[in-house]
Amino acid sequence: MPEAIHLDDYRRVVPPQTIDLLRRLAGRVRGRSLLHVNSTRVGGGVAEMLSRYVPLFEELGVPVRWDVISGAEEFFRVTKSLHNALQGQEQAFTAEMLAAYLETNRENAARLHLDSDVVIIHDPQPAALIVFTRRPASAGTGREGGRWIWRCHIDASRPQRRAWAFLRQFVTRYDGAIFSLPEFAQQLPIPQYLIHPSIDPLSEKNRDLTAEEVAAALDRLGVPRDKPILLQVSRFDRFKDPVGVINAYRLVKKHDDCRLVLAGGPADDDPEGAQVLAEVMAAAQGDADIHILVLPPAAHYEVNALQRAASIIVQKSTREGFGLTVAEGMWKGKPVIGGHAGGITEQIIEGVTGYTVTSVEGCAYRVRYLLHNPALASQMGHHGREYVRERFLITRDLAEHLALMVTLLHA
Ligand code: UDP
């Protein structure tokens, strides 16, 4: 990690005036405290973003804390089912499961200091904390206490009704909800805000690397650079469709030589990972050109190098809240082929920065097309980087958070 990054370092990367705007907005909420709560410090896009927000809010004069709820294995099994159900999978919930969810939230509410001016609760896992805090339940009525916002990072376009009804009883107590896409907005009696997630261009995951750094990292990971590399970086989660990526690669491989790298790692709040990884290993068996890399959570540099070494970034999700890996790939000047799902469709401009696909065959077709048209692939990568610069960098995200804080605290 390069030493201490400061806001002014972003001036050379982000659109003009962005930093000045940030400082002006921050001036309106200076000294007002902000708390983020989620369910894991490592693994997945939410932890990735929170780790980047904290030092920048601090520098902007907004005292910020990031707390993580803790829970037993059973709790995370329930919340993973809830997550799957909210993303549209049929799941069964027993009364015991829902009770375990509530009990863990109650314990965490007693343990955590939830007394900041603005409290942002991320995703379903800690959503019920609000029930167990001392703040009055009648949100948005000008009463004492901090302003509470629920931020949803998942693809809530077609939630299983029972799961959403369960979660909704907590969400309606908040002062507002943030969704990543307009399509995820729900029927709610509270204000809903739209904030796209973002990547940090100066983080270890996204900073520029030299060709030598990329080569050294790939050598260490045991991935030769003798053929074009297709890369998907994802938790091992069925919604990310890693087996579908292997099947698409196999179709490509009948005609065009290439390697496939599936890089993933565990997330503390995702108990299904090991099982999905076993399925992926089984699907990849017997092909020395498929590299399944199980990376530690802090392998940001390695992910960065892999994304830079790849010819094509794939993110073949069937459901996706946003998909930071898409923006990460585009930022590295790569064309991205993504599943036609959630935030992926918001990031990929069809035929300009990449393609969205709905099948294994479609994915293979687009991969082959790009492998045969390297000039187009490189032009798409260039467009992708500029699109991310305009829309998906952390500075825009921070400005929207600050604007929301201004609205909540001065309303
Ligand atoms: N990631 C990583 N190592 C892994 C797998 C994922 O660093 O082995 C990172 C990835 O680079 C991205 C984030 O985790 O920054 C995943 O975010 P995304 O929005 O794509 O998916 P989520 O896991 O939140 O569903």
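Residues numbered from 1 in each chain as written. Predicted model: local features only at pLDDT ≥ 70, side-chain atom pairs only at ≥ 80, totals over all residues. Heavy atoms only, no water.

Asker: Explain the overall build of the protein to me, and be specific about the residues and the numbers.
Answerer: On a plain count of helices and strands, the protein comes out with 14 helices and 12 strands. For the protein, the C-alpha radius of gyration of 21 Å lies close to 22 Å, the compact-globule estimate for 411 residues. With respect to the principal axes defined by its C-alpha atoms, the protein has extents near 65 × 50 × 35 Å. For the protein, contacts bridging at least 24 residues in sequence account for 75% of all contacts bridging at least 6. As displayed, the protein has an accessible area near 16400 Å², and 52% of this comes from carbon and sulfur atoms. (Helix = DSSP H or I, 4+ residues; strand = E, 2+ residues; numbered from the N terminus. Rg over C-alpha atoms; globule rule 2.2 N^0.38 Å. Contact = heavy atoms within 4.5 Å. Areas by Shrake-Rupley, 256 points an atom, 1.4 Å probe, with all protein chains shown as cover.)

Asker: So what about the sheet that holds strand β11 (residues 336–339)? Which residues, and what values?
Answerer: Pairing is parallel in the open sheet, where six strands are placed in the order β9-β8-β7-β10-β11-β12. The open sheet has two edge strands with one neighbour each: β9 (290–294) and β12 (354–357). Taking the axes of each pair of neighbouring strands and ignoring which way they run, one obtains an average angle of 20° across the sheet. In this fold helix α7 (residues 242–253) packs onto β7 (229–233), β8 (259–264), β9 and β10 (312–315), with an angle of close to 170° to the strand it touches most, β8. (Pairing = 2+ DSSP bridges. Axes fitted to C-alpha atoms, helices over the stretch in contact; angles between N-to-C directions.)

Asker: Can you lay out the sheet that holds strand β4 (residues 147–152) for me, pointing to particular residues and giving the numbers?
Answerer: Here we have six strands laid out as an open sheet, ordered β2-β1-β3-β4-β5-β6, and parallel in their pairing. One side of each edge strand has no neighbouring strand; the edge strands of this open sheet are β2 (64–68) and β6 (192–194). Shown here is a sheet whose adjacent strand axes are inclined to one another by a mean of 20°, direction ignored. When strand β1 (residues 34–38) meets strand β3 (residues 118–122), the two strands line up parallel, connected through four bridges. Residue pairing for β3: H36 is matched across the bridge by I120.

Asker: Describe the site of the ligand, and please don't skip the residues or the numbers.
Answerer: Of all residues adjacent to the ligand, which total 16 residues, the nearest are G45, R235, K240, G265 and E328. Between an oxygen atom of the ligand and a main-chain N or O atom of G264, the distance comes to 3.4 Å. A distance of 2.8 Å separates an oxygen atom of the ligand from a polar backbone atom of L324. Elements supplying a minimum of two residues to the shell around the ligand: α2 (45–59) and α10 (324–331). Split by residue class, the shell around the ligand holds three nonpolar, seven polar and six charged. (Near = heavy atom within 4 Å. Polar contact = N/O pair within 3.5 Å; in protein donor to acceptor, adjacent residues only side chain to side chain. Nonpolar A, V, L, I, M, F, W, Y, C, P; charged D, E, K, R; others polar.)

Asker: An account of the packing of aromatic side chains is requested, with residue identities and associated values reported.
Answerer: Considering all chains together, one arrives at 13 aromatic pairs under this definition. Summarising the aromatic geometry, the rings of W148 and Y174 are spaced 6.1 Å apart at their centres and angled 55° between planes, so their arrangement reads as tilted. Of this pair, W148 sits in strand β4 while Y174 sits in the loop between α5 (161–171) and β5 (176–179), and the two are 26 residues apart along the sequence. Given the relative accessible area of 2%, W148 is considered buried. Aromatic pair Y387 and F392: ring centres 5.7 Å apart, planes at 85°, arrangement edge-to-face. Since its relative accessible area comes to 19%, Y387 is described here as buried. Residue F392 is classed as buried on the basis of its relative accessible area of 0%. One aromatic cluster is present, built from ring pairs that chain together F75, F76, Y101, F166 and F170. Of note, R366 hangs over the ring of Y355, and the distance from its end group to the ring centre comes to 3.9 Å. (Phe/Tyr/Trp six-rings, centres within 6.5 Å; stacked < 30°, edge-to-face > 60°. Buried < 20%, exposed > 50% of the residue type's maximum accessible area, 1.4 Å probe, protein only. Lys NZ or Arg CZ within 6 Å of the ring centre and 35° of its normal.)

Asker: Go over the side chain of N38 with me, naming the residues and quoting the values.
Answerer: With respect to the element layout, N38 can be found in strand β1. Residue class for N38 comes out buried when judged on its relative accessible area of 2%. Looking at N38, its side chain comes within polar contact range of the main-chain oxygen of T40, at 2.8 Å. A polar side-chain atom of N38 sits 2.8 Å from a polar atom in the side chain of W66. Residues within four places of N38 in sequence aside, it is in contact with V46, A47, L50, W66, D67, V68, I69, H122 and P126.

Asker: Which residues make up α10, and what are the values?
Answerer: For α10, the tally of buried residues reaches eight of eight residues, placing the bulk of the element in the interior. Within α10, the full set of buried residues consists of L324, T325, V326, A327, E328, G329, M330 and W331. Looking one or two residues beyond α10, the residue adopting positive phi is G333, at roughly 75°.

Asker: Break down the pattern of salt bridges for me, citing the residues and quoting the values.
Answerer: For the coordinates displayed, the defined rule picks out 33 salt bridges. For D117, the salt bridge identified is with R32, shortest N-O distance 3.4 Å. With D117 in the loop between α4 (95–111) and β3 and R32 in the loop between α1 (18–27) and β1, the pair connects residues that are 85 residues apart, well separated along the chain. According to the relative accessible area criterion, D117 is partly exposed, its value standing at 24%. (Salt bridge = Lys/Arg side-chain N within 4 Å of Asp/Glu carboxyl O.)

Asker: Break down the packing of α2 against helix α14 (residues 394–410) for me, citing the residues and quoting the values.
Answerer: The N-to-C vectors of α2 and α14 enclose an angle of 70°; their axes lie 11 Å apart at closest approach. As the angle between them shows, α2 and α14 are arranged roughly perpendicular. Like other packed secondary-structure pairs, α2 and α14 cross with a definite hand, here right-handed. Here M49, R52, Y53, L56 and F57 of α2 lie close against α14, whose contacting residues are I394, D397, L398, H401 and L402. The residue makeup of the contact of α2 with α14, split by class, is seven nonpolar, one polar and two charged. (Parallel < 35°, antiparallel > 145°, perpendicular 65-115°, else oblique. Left-handed = near helix turned anticlockwise from the far one by under 90°.)

Note that every value here comes from positions in space, so none of it alone points to a role or purpose.
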